[in-house]
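One-letter residues, chain by chain:
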Amino acid sequence: MKKSSRIILSEKEMPRHWYNIVADMPNKPLPPLHPQTRQPIGADALAAVFPMELIKQEVSAERYIEIPDEVIDLYKTYRPSPLFRAVNLEKALGTKSRIYYKYEGGNYSGSHKANTAIPQAYYNKKEGIKRITTETGAGQWGCAMSYACNHFGLELLVFMVKVSYYQKPGRKLMMNAYNAKVVPSPSTMTAAGRKVLELDPDSPGSLGIAISEAMEIAVQDPYTKYSLGSVLNHVILHQTIIGQEALLQMAKTDDYPDVVIGCFGGGSNFSGIAFPFLRENLLNGKTTRLLAIEPSSCPKLTKGKFMYDFGDSAGMTPLLAMYTLGHDYIPEKIHAGGLRYHGAGTLVSQLRKDGLIEAKAKMQRECFEGAVLFARTEGILPAPESSYAIAGALDEARKADIEGVPRTILFNLSGHGHFDISAYEKYFENNLPDHEMTDSEVDQAISKIVLPS
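Residues numbered from 1 in each chain as written. Predicted model: local features only at pLDDT ≥ 70, side-chain atom pairs only at ≥ 80, totals over all residues. Heavy atoms only, no water.

A.B. asks: Which residues make up the layout of surface pockets, and what are the values?
C.D. replies: Roughly 670 Å³ of volume is contained in the largest pocket. Together, 34 residues line the largest pocket, and Pro32, Ile41, Leu46, Pro318 and Leu320 are the ones closest to its centre. Tallied by class, the residues present in the lining of the largest pocket amount to 26 nonpolar, seven polar and one charged. Roughly 390 Å³ of volume is contained in the second largest pocket. (1 Å grid on protein atoms, 1.4 Å probe; cavity = no way out; pocket = protein on both sides within 12 Å on 5 of 7 lines; lining within 4 Å. Points joined across faces, edges and corners; volume = space filled by probe spheres on them. Nonpolar A, V, L, I, M, F, W, Y, C, P; charged D, E, K, R; others polar.)

Below you can see the structure in the form of structure tokens.
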């Protein structure tokens, strides 16, 4: 009897703990620093923008952190998520490798972002917070947080990167449907936004700018907190339910990945699927390669500099040790808006520096080509962000065939592209530009980094 290409878990098999990679890192991430004193900051410095329970998770070195029952109950509406063997894609490629994908688009938000939106809203509600501010790039995070906040009775103000606000009106309307207020960033609502618009009235915006605006509003009201959809340790922690489920599902296939792949913006979906497999490498002698795929127009892991930098454009965050292109860098207007971030999270950055993960940059058009092939063979239209992971998986399969060594490839399909039809329209019209950041452009961007003296 033919085995099913869809590998599922029961609700009882869903993990009840998030996994914290910090516990097993050979070199711990460098601490965040106060911009003026350059001294490590304590938890109290984060209290103005985050609830205490999330701060505890941010600085925790415990290997496992229990998932609250209220969060589990909401997770059960869409988790465990399915793992698929991409049989039709394999046939189209003629590859001898086995390709699997973990599909995170089957929830209310259409992406993996719900995995952290739900606990973040929950912890804020538990501590008496009334309103949350946040940023969003392509809108997946904003949609995820909008529903979560509405569910727990919280107001939400979303600063959406301006280029995506106009590229993807469907996601803005979806946020409105979940009772969130959405503002294109940069805006005139904040000093940070007004400063950007004074210098460039036509600024397309960036995640760094939107973060500055959201943080500025949050610090003005003790009943308002800020929420981030990627980069930070506690966000990545929540996403590890993806990889922990994938480990259990791969065991049901009697197979194990030679390489695990995720697209890369700030690090949440790549880390979510990769870190539990990295744990197996570090503790149990496995040798799985962990590969992050980022845009050639925003290549922080492949061309950026490892240094302390701000996580936002206005310099409101602590200084973070990261691979960065500079907090003032404005990436090209690629349609993978969730990948247009200047830096990488501190956990991924340290692991990249230590050679425990790999990174590769890809052009936009090639990724859309892979996404269309995937849609035609597997039936799911991928989000532009997810197309980078698909392109990475295709590269690995083709390389394996050339080398004559079949491999097992697993990638995270982090979301669907149902709100990204305009991007696919441009692709089919041959009107989707490519951009690769040159070494000289990288040097120029990094030379513009100005930190407080």
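Structure's up, so let's keep going.
A.B. asks: Give me the environment of isoleucine 41: which residues, what numbers.
C.D. replies: Relative to the helices and strands, isoleucine 41 resides in the loop between β2 (17-19) and α1 (52-59). Other than its neighbours up to four places away in sequence, isoleucine 41 contacts Pro32, Leu33, His34, Leu46 and Pro318. (Helix = DSSP H or I, 4+ residues; strand = E, 2+ residues; numbered from the N terminus. Contact = heavy atoms within 4.5 Å.)

A.B. asks: Would you mind going over empty space enclosed by the protein in detail, with residue names and values included?
C.D. replies: Under the defined criterion, the tally for this structure stands at four cavities of 30 Å³ or more. By volume, the largest cavity is sized at about 340 Å³. Lining the largest cavity are 32 residues, with Lys113, Leu207, Gly229, Ser230 and Gly338 sitting closest to its centre. For the lining of the largest cavity, the secondary structure elements donating two or more residues are β6 (131-136), α5 (140-151), α9 (207-218), α12 (268-284) and α16 (384-403). Looking at which element gives the most residues to the lining of the largest cavity, the answer is α12, with three residues.

A.B. asks: Residues and numbers for the nonpolar core, please.
C.D. replies: Membership of the largest hydrophobic core comes to 36 residues, with the highest contact counts inside it found for Trp18, Tyr75, Ile118 and Met145. At the level of secondary structure, the elements contributing two or more residues to this core comprise α2 (69-75), α4 (114-126), α5, β7 (155-161) and α7 (169-177). (Core = buried A, V, L, I, M, F, W, Y, C linked by side-chain atoms within 4.5 Å. Buried < 20%, exposed > 50% of the residue type's maximum accessible area, 1.4 Å probe, protein only.)

A.B. asks: Residue-level account of the sheet that holds β7, with values.
C.D. replies: With respect to topology, four strands assemble into an open sheet ordered β8-β7-β6-β9, the strand pairing being parallel. Both outer strands of the open sheet, β8 (181-185) and β9 (224-227), are each paired with one neighbouring strand and no more. The sheet shows a mean angle of 20 degrees between the axes of neighbouring strands, direction not considered. Bridge count for β6 against β7 is six bridges, and the pairing is parallel. In the strand pairing of β7, isoleucine 132 is matched with leucine 156. The strands touched by α9 within the sheet are β6, β7, β8 and β9, with β6 carrying the most contacts at an inclination of about 170 degrees. (Pairing = 2+ DSSP bridges. Axes fitted to C-alpha atoms, helices over the stretch in contact; angles between N-to-C directions.)

A.B. asks: Which residues make up the packing of aromatic side chains, and what values do they have?
C.D. replies: One pass over the structure, following the stated rule, counts 19 aromatic pairs. Measuring from centroid to centroid gives 5.8 Å for tyrosine 19 and tyrosine 64, while their planes differ by 50 degrees, and the two rings are tilted. Placement of the pair is tyrosine 19 in strand β2 and tyrosine 64 in strand β3 (residues 64-66), with a sequence separation of 45 residues. On the accessibility criterion, tyrosine 64 (36% relative accessible area) is partly exposed. Judged by centre distance (6.2 Å) and plane angle (85 degrees), the rings of tyrosine 108 and tyrosine 178 are edge-to-face. With tyrosine 108 in the loop between β5 (98-103) and α4 and tyrosine 178 in the loop between α7 and β8, this residue pair connects regions lying 70 residues apart in the sequence. One aromatic cluster in this structure is built from Phe84, Tyr101, Phe374 and Phe411. Against the face of tyrosine 19 rests arginine 279, its NZ or CZ located 4.8 Å from the ring centre. (Phe/Tyr/Trp six-rings, centres within 6.5 Å; stacked < 30°, edge-to-face > 60°. Lys NZ or Arg CZ within 6 Å of the ring centre and 35° of its normal.)

A.B. asks: Give a description of the pattern of salt bridges that names residues and reports values.
C.D. replies: With the rule as written, the count across this model stands at 18 salt bridges. A salt bridge links arginine 98 to aspartate 255; its shortest N-O distance comes to 2.7 Å. Note that arginine 98 is positioned in strand β5 and aspartate 255 in the loop between α11 (241-252) and β10 (259-263), a separation of 157 residues in sequence. Residue arginine 98 is classed as partly exposed on the basis of its relative accessible area, which comes to 27%. Among the salt bridges present, the one from lysine 362 reaches glutamate 366, with a minimum N-O distance of 2.6 Å. Residue glutamate 366 is classed as partly exposed on the basis of its relative accessible area, which comes to 34%. Through salt bridges with shared partners, a single network forms among Arg79, Lys102, Glu104 and Glu245. (Salt bridge = Lys/Arg side-chain N within 4 Å of Asp/Glu carboxyl O.)

A.B. asks: Lay out the pairing of β5 with the relevant residues and their values.
C.D. replies: Successive residues of a regular strand alternate their side chains across the two faces of the sheet. Here β5 lies mainly inside the structure; five of its six residues are buried. Taken together, the three bridges between strand β4 (residues 83-85) and β5 define a ladder with antiparallel strand orientation. Paired with leucine 83 across the two strands is lysine 102, which belongs to β5. Two elements, β5 and strand β15 (residues 408-413), share six bridges in a ladder whose sense is parallel. Bridge pairing links arginine 98 to threonine 408 in β15.

A.B. asks: Residue-level account of α11, with values.
C.D. replies: Taking 1.5 Å as the rise per residue, α11 with 12 residues should run 16 Å; its terminal C-alpha atoms sit 17 Å apart, in good agreement. Burial within α11 is extensive, with nine of its 12 residues counted as buried. Of all the residues in α11, the buried ones are Ile241, Ile242, Gly243, Gln244, Glu245, Ala246, Leu247, Gln249 and Met250. Of the residues trailing α11, aspartate 254 is marked for its positive phi of about 60 degrees. (Expected span 1.5 Å × (residues − 1).)

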